[in-house]
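Inside the fold
Chain residues, written in single-letter form:
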Amino acid sequence: MLKPLLLLQSFLFCLFNVAFVGGRLIGGGFSAQENPFTPKASLVRYWNKEIRSDKSSFRSEFLISKASPLNAVESATFAKLAAQNSLPTRLPDFCSAANLFCFPDLSPSLEQHNADVKFSVYDQKNFTNYGNAAAGGVDSFKTYSKDGNVVTDSFRRYSRNAAGHDDKFTVYGGSSNVVEENFNSYGTFGTGGTGEFTNYQNGVNNPTSRFTAYSDGGNGKAQSFKTYTHEANAGNGQSFTSYGKNGNGVPNEFASYGVSANVIGSGFSNYGEKGNAANDSFTSYGSDGNVPQNNFKNYGASGNAASDTFANYRDKSNVGDDSFSSYAKDSNSGTAKFTNYGQSFNPGSETFTGYGKGAEGHKISFKTYTPNSTFKDYAKNGVGFAKYNVSSTSATLGDGKTVNKWIEPGKFFREASLKEGTVIPMPDIKDKMPKRSFLPRSIISKLPFSTSKLAEINKIFHAGENSTMEKIISDAVTECERSPSVGETKRCVGSAEDMIDFATSVLGRSVVLRTTENVAGSKQKVVIGKVNGINGGKVTKAVSCHQSLYPYLMYYCHSVPKVRVYEADLLDLKSKTKINHGIAICHIDTSSWGPKHGAFLALGSKPGLIEVCHWIFENDMNWAIAD
């Protein structure tokens, strides 16, 4: 039996080990050592079987490069584990072998650190029982986890019961992609000293920090957050739970917190509860942000002689929502000042429920406050409103004069810009997602994917309750199950074969896959070179596929009616030499789009009145009917 099996295997190697025939990719250029039974080999065969017209080796290899790197044995092993619901027991091995996006399981640390320590260019660490009962000294985290892709660190019982101990976090987690930091029982019952977070998680794509029981029971330990999550994007935000509870004389400063951030949420629960003489300052908090959301629940409740200042809070932001529930409730002699609060670019909303209720001797003042607010069950005495309900002086939506700063220049443009010689700003087209690969169908077909099975998905990928991974999974699955918009056909795909099936089901098997060649010209002005309209520049069908954040490589693929697709050479502004070859799609019918869509904020128009074009970003794809 062994000899016939070896002969069969040799025959199959010969059959699949050819590179190109007639310009078509047939074997993917396999070497004699490669196994034809890998997921990559299977995808090559599927491409050749289903795609009839795309003869470009670049385009086919672009998709095939995203195939699962698993070998034949690994693929069969993990498929069996998936069928047996046993993948969670081998998750680290699975994530590593299959090139998935997974947070590491940080085991408790028993390391002892008795002396002052400086951490520079550090990453992925669990700090447990670190700096406990330390007397004096300083720990410095500088350029920690900077420029990382997936960063997760845990600080548990850090600096607990310390006296006069300083902690400094400088350029911490900056310019990383997905960051999750957990500070549990940090600085609890500490006396004196300072905690300083400067340039913390700035420029992060998906920032999350959780401060639980942070500085609880502290005595005179000052905490400072400066330039925190500056220019960050779309994170779960920051969670402060039981922060400074039962503290004495604890000053906390939030300066330039969340400034110029995009869709960042912060939650303050039981912050400063039962504290004595607390002094909290929020300066330029959430300013210039896009849709910031902040929730203050039981903030300063039952406190004594607390002083809170909100200056230029959410100033010049776009929309945004804040909720103050039971703020300073049952407190004594508290002072709160709101100055230039909520003067957003487009109106946001504030809800004050049970604010200052039951407080004694309190003074609360609102100066130049937002027009959209709701006060329920509010203290009737000790509250002053000055210049309240002052209308915003910013331009109205869609007047064509004000460009929302949150819409990056060049992200949306008009079709007339796609003419040779036109100078146009190029947005940041770089791929910001973690590097991942598709899963083979033999595995993905055995994994749950629906909102009704989120608990099973979370178990597979070790996504704990209220964790960043839990929200990533929930957001992706929910978006995939969202009903399509008017005229839209959509599907989320986690395998290359599923993407091919969707594209050909919409367009037929005579299709061409295109993507922007590289990221040259990103975030700078470029000159449009030679332009070619796909399908003769006529209104046509197309399928666009955009990455979704998920443990394995997943794309949100959709087709919308009435589009024109273009490919254009992009030239350097000075030398006029070709630096890139971009793919752009123009949506001719925008009548079903929302009036607050970023395209209308940027271009100054309304749904149905103009066409809107955008580039296909790095690693995104466009499928069109072959010319």
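Look a little higher up for the structure.
Residues numbered from 1 in each chain as written. Predicted model: local features only at pLDDT ≥ 70, side-chain atom pairs only at ≥ 80, totals over all residues. Heavy atoms only, no water.

1. Concerning the overall build of the chain
Put simply, the rule is: Labels follow the DSSP assignment, with helices taken as runs of H or I lasting at least four residues and strands as runs of E lasting at least two, numbered in each case from the N terminus. By the convention used here, residues are in contact when the closest approach between their heavy atoms is within 4.5 Å. Here the accessible surface of atoms and residues is derived via Shrake-Rupley with a 1.4 Å probe, and residues count as covered only by protein chains that are part of the display.
Counting secondary structure elements, the chain contains 10 helices and 33 strands. A sequence separation of at least 24 residues applies to 76% of the contacts in the chain between residues at least 6 apart. Accessible surface, the chain as shown: approximately 26,500 Å² in total, 51% of it carbon and sulfur.

2. Describing the state of the cysteines
How we decide: The rule for a disulfide is simple: a pair of cysteine sulfur atoms within 2.5 Å. Using a 1.4 Å probe on the protein chains alone, a residue whose accessible area is under 20% of its type maximum counts as buried, one over 50% counts as exposed, and one in between counts as partly exposed.
Under the defined criterion, the tally for this structure stands at 4 disulfides. Residue Cys 95 pairs covalently with Cys 102 via a disulfide, S to S 2.0 Å. Between Cys 95 and Cys 102, the S-S torsion sits near -75 degrees, and that sign places the bridge as left-handed. The same class applies to Cys 95 as to Cys 102, namely buried. Each sulfur in the disulfide pair Cys 586 and Cys 613 lies 2.0 Å from the other. Because the sign of the S-S torsion sets the handedness, a value of about 105 degrees for the bond joining Cys 586 and Cys 613 places this disulfide among the right-handed ones. Residue Cys 586 is found in strand 31 (residues 578-587), and its partner Cys 613 is found in strand 32 (residues 612-615); the two are separated by 27 residues along the sequence. The exposure classification of Cys 586 matches that of Cys 613, with both residues buried. The cystine pairing of the chain, numbering bonded cysteines in sequence order, is 1-2, 3-4, 5-6, 7-8.

3. Regarding the sheet that holds strand 32
Condition: If DSSP finds at least two bridges between two strands, the strands pair. Lines fitted to C-alpha atoms define the axes, with helix axes restricted to the stretch in contact, and inter-axis angles between N-to-C directions lie between 0 and 180 degrees.
Read across the open sheet, the 5 strands follow the order 24-27-30-31-32; overall the sheet is antiparallel. Here the strands that pair on one side only, and so sit at the sheet edges, are strand 24 (423-425) and strand 32. Strand-to-strand, the axes of this sheet are offset by a mean angle of 45 degrees, without reference to chain direction. Where strand 30 (residues 563-572) meets strand 31, 9 bridges bridge the pair, whose relative direction is antiparallel. Bridge pairing links Tyr 566 to Ala 584 in strand 31.

4. Topic: the nonpolar core
Rule in force here: To qualify as a nonpolar core, a set must consist of buried Ala, Val, Leu, Ile, Met, Phe, Trp, Tyr and Cys residues joined through side-chain atoms within 4.5 Å.
Core analysis: the biggest nonpolar cluster contains 37 residues, and Phe 94, Leu 100, Leu 439, Ile 443 and Ile 473 have the highest contact counts within it. Among the elements of the structure, helix 4 (72-83), helix 5 (91-98), helix 6 (441-444), helix 7 (454-460), helix 8 (468-481) and strand 29 (554-559) are those that each provide at least two residues to this core. In terms of residue count, the dominant contributor to this core is helix 8 (6 residues). Leave out the neighbours within four places in its chain, and Phe 94 touches Phe 78, Leu 87, Leu 100, Leu 439 and Ile 443.

5. Things to note about the side chain of Glu 497
Here is the rule we go by: A positive count includes Lys and Arg, and a negative count includes Asp and Glu. His and the chain ends are not counted in either. By convention in these notes, a salt bridge is any Lys or Arg side-chain nitrogen within 4 Å of a carboxyl oxygen on Asp or Glu.
Counting through the fold element by element, Glu 497 comes out in helix 9 (residues 496-507). Here Glu 497 is buried and forms no salt bridge, its nearest opposite-charge partner Arg 441 lying at an N-O distance of 4.9 Å. Not counting residues up to four positions away in its chain, the partners in contact with Glu 497 are Ser 42, Leu 43, Tyr 46 and Arg 441.

6. Considerations on the packing of aromatic side chains
Under the convention used in this document: Aromatic pairing here means that ring centres of Phe, Tyr or Trp (its six-membered ring) are within 6.5 Å. Orientation follows from the plane angle: under 30 degrees is stacked, over 60 is edge-to-face, and everything else is tilted.
Tallying each qualifying case throughout the model produces 9 aromatic pairs. Measuring from ring centre to ring centre gives 6.3 Å for Trp 47 and Trp 623, while their planes differ by 45 degrees; the resulting arrangement is tilted. Placement of Trp 47 in helix 2 (residues 39-50) and of Trp 623 in strand 33 (residues 621-625) is noted, with a sequence separation of 576 residues between them. Exposure remark for Trp 47: the relative accessible area of 1% places this residue in the buried category. For Trp 623, a relative accessible area of 0% puts it in the buried group. On the basis of an interplanar angle of 70 degrees and a centroid distance of 6.4 Å, the ring pair of Phe 461 and Tyr 550 is categorised as edge-to-face. Pair noted here: Phe 461 is in the loop between helix 7 and helix 8 and Tyr 550 is in the loop between strand 28 (542-548) and strand 29, with a separation of 89 residues, a long-range link.

7. Considerations on unusual backbone geometry
One non-glycine residue, His 462, adopts positive backbone phi at about 55 degrees. For His 462, a relative accessible area of 34% puts it in the partly exposed group. Backbone geometry at Lys 562 places phi at a positive 55 degrees, although glycine is not the residue there. Relative to the helices and strands, Lys 562 is located in the loop between strand 29 and strand 30. Using a relative accessible area of 48% as the deciding quantity, one classes Lys 562 as partly exposed.

8. Observations regarding the side chain of Thr 504
Along the chain, Thr 504 falls in helix 9. The exposure class assigned to Thr 504 is buried, which follows from its relative accessible area of 13%. With residues near it in sequence (within four places) discarded, Thr 504 still touches Glu 50, Ile 51, Arg 509 and Val 511.

9. A word on the packing of helix 2 against helix 9
To be explicit about the condition: Note on angle classes: values under 35 degrees are labelled roughly parallel, values over 145 roughly antiparallel, values of 65 to 115 roughly perpendicular, and the remainder oblique. Under the scheme applied here, ten amino acids are nonpolar (Ala, Val, Leu, Ile, Met, Phe, Trp, Tyr, Cys and Pro), four are charged (Asp, Glu, Lys and Arg), and all others, including Gly, are polar.
Viewed as axis vectors pointing N to C, helix 2 and helix 9 meet at an angle of 10 degrees, and their least axial separation amounts to 10 Å. Comparing their axes, helix 9 and helix 2 come out roughly parallel. In this structure, helix 2 contributes Ser 42, Leu 43, Tyr 46, Trp 47 and Glu 50 to the contact, and helix 9 contributes Ala 496, Glu 497, Ile 500, Asp 501 and Thr 504. Of the residues belonging to the contact of helix 2 with helix 9, the class tally is 5 nonpolar, 2 polar and 3 charged.

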